[in-house]
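# Structure at a glance
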Amino acid sequence: MPTQVRAAVALLGAVVSAVALPTAADAPAAYLAGSRAFVANNAAALGYSPNDLAALMADARYQQGIIDAMNRPYEAKPWRDYRRLFLTEERIAGGVSFLNDHADLLKKAEAAYGVPPEIITAIIGIETNYGGNLGQHRVLDALSTLGFAFPRRAGFFSKELGEFLRLVREEQIDPRTALGSYAGAVGLPQFIPSSYRAYAVDFDGDNRRDLWGSKADVVGSVGNYLALHGWHRGAPVAARVSLGTGRPAGIPVAEKRPARPETTFSRLAAAGVEPVPGALAEPLPADTLAALLELDGEDTEHWLGFNNFYAITRYNHSNLYAMAVYQLSREIAARAGAEGGDDAPG
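Conventions and cut-offs
- Residues numbered from 1 in each chain as written.
- Predicted model: local features only at pLDDT ≥ 70, side-chain atom pairs only at ≥ 80, totals over all residues.
- Heavy atoms only, no water.
- Helix = DSSP H or I, 4+ residues; strand = E, 2+ residues; numbered from the N terminus.
- Buried < 20%, exposed > 50% of the residue type's maximum accessible area, 1.4 Å probe, protein only.
- Areas by Shrake-Rupley, 256 points an atom, 1.4 Å probe, with all protein chains shown as cover.
- Lys, Arg positive; Asp, Glu negative; His and termini not counted.
- Charge placed at Lys NZ, Arg CZ, Asp CG, Glu CD.
- Phe/Tyr/Trp six-rings, centres within 6.5 Å; stacked < 30°, edge-to-face > 60°.
- Lys NZ or Arg CZ within 6 Å of the ring centre and 35° of its normal.
- pLDDT = per-residue confidence, 0-100.
- Contact = heavy atoms within 4.5 Å.
- Pairing = 2+ DSSP bridges.
- Axes fitted to C-alpha atoms, helices over the stretch in contact; angles between N-to-C directions.
- Parallel < 35°, antiparallel > 145°, perpendicular 65-115°, else oblique.
- Nonpolar A, V, L, I, M, F, W, Y, C, P; charged D, E, K, R; others polar.
- Polar contact = N/O pair within 3.5 Å; in protein donor to acceptor, adjacent residues only side chain to side chain.
- Expected span 1.5 Å × (residues − 1).

Helix and strand content of the protein: 15 helices and eight strands. Among the 346 residues that make up the protein, the fraction classed as buried is 50%. As presented, the protein carries roughly 15,800 Å² of accessible surface, and 50% of it is formed by carbon and sulfur atoms. Of the side-chain charges in the protein, 32 are positive and 38 negative, and the distance between the mean point of each set is 8 Å.

Counting across every chain of the model gives 15 aromatic pairs. For the pair Phe 191 and Tyr 315, a centre-to-centre distance of 5.8 Å together with 65° between the ring planes defines the contact as edge-to-face. A residue pair is termed long-range when its members are at least 10 positions apart, and Phe 191 in the loop between strand S2 (179–180) and helix H11 (193–199) and Tyr 315 in the loop between helix H14 (307–313) and helix H15 (319–340) qualify at 124 residues. The two residues Phe 191 and Tyr 315 agree in class, both being buried. Three or more aromatic residues joined by ring pairs form one cluster here, namely Phe 191, Tyr 199, Tyr 225, Tyr 315 and Tyr 321. Residue placement shows Arg 314 over the ring face of Tyr 310; its charged tip is 4.2 Å from the ring centre.

Our next topic: the confidence of the model for the protein. Looking at the protein as a whole, the pLDDT averages 91, with 91% of positions reaching at least 70. Residue range residues 342–346 is modelled with pLDDT below 50. Its contacts to residues more than four positions away, or to other chains, number eight contacts.

Attention now moves to the pairing of strand S8 (residues 300–305). Judged by how many residues are buried, S8 sits mostly within the fold: five of six residues are covered. Alignment of strand S3 (residues 238–243) against S8, held across four bridges, turns out to be antiparallel. Counted as the bridge partner of Arg 240 is Trp 303 from S8. The sheet contact formed by strand S7 (residues 289–296) and S8 spans six bridges and is antiparallel. Bridge pairing links Leu 295 to Glu 301 in S8. Between S7 and the antiparallel strand that follows it, S8, lie three residues.

Next up on the list: the packing of helix H2 (residues 29–46) against helix H9 (residues 139–149). Two elements in contact, H2 and H9, have axes whose closest approach is 8 Å; the angle formed by their N-to-C orientations is 105°. Compared by their axis directions, H2 and H9 come out roughly perpendicular. Between H2, through Ala 30, Tyr 31, Gly 34, Ser 35 and Phe 38, and H9, the contact on the second element is made entirely by Ser 144, Thr 145, Phe 148 and Ala 149. Classifying every residue of the contact of H2 with H9 gives five nonpolar, four polar and no charged.

Looking at the element boundaries, Ser 194 is found in helix H11. The contact partners of Ser 194, leaving out residues within four places of it in the chain, are Lys 159, Glu 160 and Glu 163.

Mapping Thr 263 onto the fold places it in strand S5 (residues 263–264). What makes Thr 263 buried here is its relative accessible area of 7%. C-alpha of Thr 263 to C-alpha of Ile 251: the two residues are 12 residues apart in sequence and 7.6 Å apart in space. Setting aside residues no more than four positions away along its own chain, Thr 263 makes contact with Ile 251, Pro 252, Leu 268, Thr 288, Leu 289 and Ala 290.

Time to look at the environment of Gly 95. Its location among the elements puts Gly 95 in helix H6 (residues 89–101). Separated by 13 residues in sequence, Gly 95 and Tyr 82 place their C-alpha atoms 18 Å apart.

Now for the side chain of Thr 145. By secondary structure assignment, the location of Thr 145 is in helix H9. What makes Thr 145 buried here is its relative accessible area of 0%. Within polar-contact distance, the side chain of Thr 145 engages the backbone oxygen of Arg 61 at 3.5 Å. Within the structure, the side chain of Thr 145 is placed 3.0 Å from the backbone nitrogen of Gln 63, a separation counted as a polar contact. Sequence-distant contacts of Thr 145, defined by excluding residues within four places in its chain, comprise Tyr 31, Arg 61, Tyr 62, Gln 63, Ile 66, Ile 67 and Phe 150.

Moving on, we get to unusual backbone geometry. Unusually for a residue other than glycine, Gln 190 sits at a positive phi of about 55°. The topology assignment puts Gln 190 in the loop between S2 and H11. Gln 190 sits in the buried class, given a relative accessible area of 12%. With a phi angle near 70°, Asn 207 is a residue other than glycine that sits in the positive phi range. Looking at the secondary structure, you find Asn 207 in the loop between H11 and helix H12 (215–228).

On to H12. With 14 residues, H12 extends 20 Å between its outermost C-alpha atoms, agreeing within 8% with the 20 Å of an ideal straight helix rising 1.5 Å per residue. For H12, the tally of buried residues reaches 11 of 14 residues, placing the bulk of the element in the interior. Within H12, burial applies to Ala 216, Asp 217, Val 218, Val 219, Gly 220, Ser 221, Val 222, Gly 223, Asn 224, Tyr 225 and Leu 226. Of the surrounding secondary structure, the elements contacted by the buried residues of H12 are H6, helix H7 (103–113), helix H8 (117–128), H11 and H14. Looking one or two places after H12, you find Gly 230, whose phi comes out positive at around 100°.

Right, here's the structure in full:
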């Protein structure tokens, strides 16, 4: 290693060591060591001086409650319990109100990205109850806690911390006050920082992408996210099916973990998998691809998940999440249609 490089590394290490880092009594040693290493390894790449980044990280606080929440995710619940969390009268009614209040924005997003208003609305409803719950944790605390003290996914969250520090500069956000979920997701659509940077759009034309305060940016960003993850305009999402004589031989069955739709509709039909009456608005071409799903509802449920269902799982990698979005969207659309007649949005 050249003398100049060794000297620079030594100086950086001295600066990092000299600046106070989190010293909360309940912070594990791994957290403190991780914070120091993050500053030493990332200051230059993130465009911060070592002093400035160390000072910022000194304001981050380890939160044991965040670790506890990560160890009991909603998606670990059976479908029958998960569904009850989101398919509520309050969330359906809130979705109808959001759909009506932002009808023009939702139609604009549908024209741009092909995603129906009720799907965008349902995602926002599930993520933050239409903005009613934007998260209680400082993003700085959440991402540092998980990046330095959650070994199972530390690499991922440490990277997201870096993305957050880039994001706050790009979008003029105060990193010390920004709030989000216990996993560091932010705004009405709960984008993680890397997704915010990659998929958020300025849908109101004010030269900012504001997922906290601009409903236009929120609606457009959800539509853009799904479009860039494979949403097909006008295509079906899912269909409830019955099985002829149990699980069909040779056809994979997905449960909670998402699966790409890779089995043709004709092959499924030949194996005795049939949509229940009313499950599809129109017959599908024989070469339509689907994944066969099995969910633990009050009774065992079987569904076909099509390409658009899989696109929703790119937002949250869970079949339970995608099914909740789909079913909530159907309830919202049906209620809005019943209340608004032919003039109802979507």
